[in-house]
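Breakdown of the fold
Residue-level listing of the chains:
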Amino acid sequence: MDVQLYVYDLSKGMARQMSLPLLGIQIDAVYHTSLVFGGVEYFFGYGMQRCFPGSTHHGRPMDVIPLGRTELPEDVISEYLESLRQIYTPESYDLFTHNCNNFTNELAMFLVGKGIPEHITNLPQTVLNTPFGQMLRPQIDASMRRMTQAPVPPQNIPSVHNGRSNGTNGTNPSHVVNGNGAVTLPLSPISASSESSSSSTEAAHGSVNYEKAFPSHPHLMCKVPTLQSGSLRPVTFTKIPPLDKLTAKLGAAGHDPAVTAFKTFVSTRNAEGAEEAAVPDLPQFSTFFRNAPKLLQPEVLFAALDLLRCALLDPRVSGWFAEESPDPTISALIDHVNNLENCPYNLRL
């Protein structure tokens, strides 16, 4: 699927005209962004929202930027979007620190391996760096909420099946999965010549055999009580070590931009929650770990892997690494450790 970035100007041109005399710096727009793929526009405002492309109350986008293609399966994308729902809630929205651009940046990172342009993500901090912007922060945030958190009209919300729009606006597809996960099966007339009388009777009475429409996978019919009674919850080690001591063990590598960025990310997430922790550059973090076995001695490598463990506790990070291709970082690290002679015990764990 092609992935596009839709860029809007919430100020409708006012920022370009008024920013210099008010803030002392030139700002071209107050950016609102969304991602469009699979015939659906996704954005963050009153929680995670979706609509038909270009049908938001913001009007037409000022710019449409192609970000590339994603080959991720649609069910994987849907699962990742669901994991973001607990982070991007209506209550967590903040115009300066947790906004639509943070959402699109993280989703783009997952889909195509790169974020959105930095001049967009850096704009809030650019404004806050000015005395006037810092002073008016509460007023600006409050005044923009009615615009940034407006609901999407029901007729503009597409039904989505496995992350892809059914391509209809007001018409019924053969079957759709709505936002609540409910399955809708609208019935159409069935001729007696093509179906049995029992099927025609079912349709006439407005009923349908769900099992016929969506048969169970053959594996679900097998009786395997040992497997079915087992716990499907993963065992996770969630304790966060003293991060300053952890990075100090890495020596010069502890000052690598990727390490310092993720140290801040883990620290913020642990202290203030996932809503306040914006995901840093994941490809940069991946590159660091691909090179780590060459840069670090085996007895020091464990400290780097422990930082990775802490970062993987966040579903946004673990989801990205789980779908990384074509040469997954996690697999490369495991292969390296398994092939080490006289591997340290903590690293083997």
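Just above, that's the structure.
Notes on the structure follow. Just so you know, these numbers come straight off a predicted model, no measurement behind them.

Here the focus is the overall build of the chain. The helix and strand tally for the chain stands at 17 helices and nine strands. Of the contacts formed within the chain by residues at least 6 apart in sequence, a portion of 69% connects residues at least 24 apart. With the model as given, the accessible surface of the chain reaches about 19,700 Å², and the carbon-plus-sulfur share is 55%.

L35, F37, F103, L111 and F285 are the most contacted members of the largest nonpolar core, which totals 74 residues. Per element, the largest residue contribution to this core is eight residues, and it comes from helix α14 (residues 298-312). Leave out the neighbours within four places in its chain, and L111 touches V3, L35, F37, R69, T70, L72 and I77.

Pairing in this open sheet of five strands is antiparallel, and the strands run β4-β3-β2-β1-β5 from one edge to the other. Looking at strand neighbours, the two that pair on one side only are β4 (47-51) and β5 (63-69), the edges of this open sheet. When strand polarity is set aside, the average angle formed by the axes of neighbouring strands in this sheet is 25 degrees. Bridge count for strand β1 (residues 2-9) against β5 is six bridges, and the pairing is antiparallel. Counted as the bridge partner of Q4 is P66 from β5. The strands touched by helix α3 (residues 100-112) within the sheet are β1, β2 (31-37), β3 (40-45), β4 and β5, with β2 carrying the most contacts at an inclination of about 30 degrees.

Our focus in this paragraph is the packing of α14 against helix α15 (residues 315-322). One way to put it is that α14 packs onto α15 with a least axis distance of 7 Å and a crossing angle of 110 degrees. Between α14 and α15, the angle falls in the class roughly perpendicular. In this structure, α14 uses L308, A311 and L312 to contact α15, whose residues at the interface are V317, S318 and F321. For the contact of α14 with α15, a count of residues per class yields five nonpolar, one polar and no charged.

Between its first and last C-alpha atoms α14 spans 21 Å; for 15 residues at 1.5 Å apiece the expected length is 21 Å, and the two agree. Taken residue by residue, α14 has L301, A303, A304, L305, D306, L307, L308, C310 and A311 as its buried positions.

For the rest of this paragraph, the subject is the packing of aromatic side chains. Aromatic ring pairs are defined here through the distance separating the ring centres and the angle between the ring planes. The tally for this structure, following the rule as stated, stands at eleven aromatic pairs. Pairing F262 with F265 gives two aromatic rings, centres 5.7 Å apart and planes at 70 degrees, and the pair type is edge-to-face. In this pair, F262 and F265 are both assigned in helix α12 (residues 257-272), three residues apart and thus about one turn of the helix distant. By relative accessible area, F262 is classed as buried at 0%. Ring centres 6.4 Å apart and planes at 70 degrees place the aromatic pair F285 and F321 in the edge-to-face group. With F285 in helix α13 (residues 282-295) and F321 in helix α15, this pair connects stretches of sequence that are 36 residues apart.

Scoring rules and cut-offs
- Residues numbered from 1 in each chain as written.
- Predicted model: local features only at pLDDT ≥ 70, side-chain atom pairs only at ≥ 80, totals over all residues.
- Heavy atoms only, no water.
- Helix = DSSP H or I, 4+ residues; strand = E, 2+ residues; numbered from the N terminus.
- Contact = heavy atoms within 4.5 Å.
- Areas by Shrake-Rupley, 256 points an atom, 1.4 Å probe, with all protein chains shown as cover.
- Core = buried A, V, L, I, M, F, W, Y, C linked by side-chain atoms within 4.5 Å.
- Buried < 20%, exposed > 50% of the residue type's maximum accessible area, 1.4 Å probe, protein only.
- Pairing = 2+ DSSP bridges.
- Axes fitted to C-alpha atoms, helices over the stretch in contact; angles between N-to-C directions.
- Parallel < 35°, antiparallel > 145°, perpendicular 65-115°, else oblique.
- Nonpolar A, V, L, I, M, F, W, Y, C, P; charged D, E, K, R; others polar.
- Expected span 1.5 Å × (residues − 1).
- Phe/Tyr/Trp six-rings, centres within 6.5 Å; stacked < 30°, edge-to-face > 60°.

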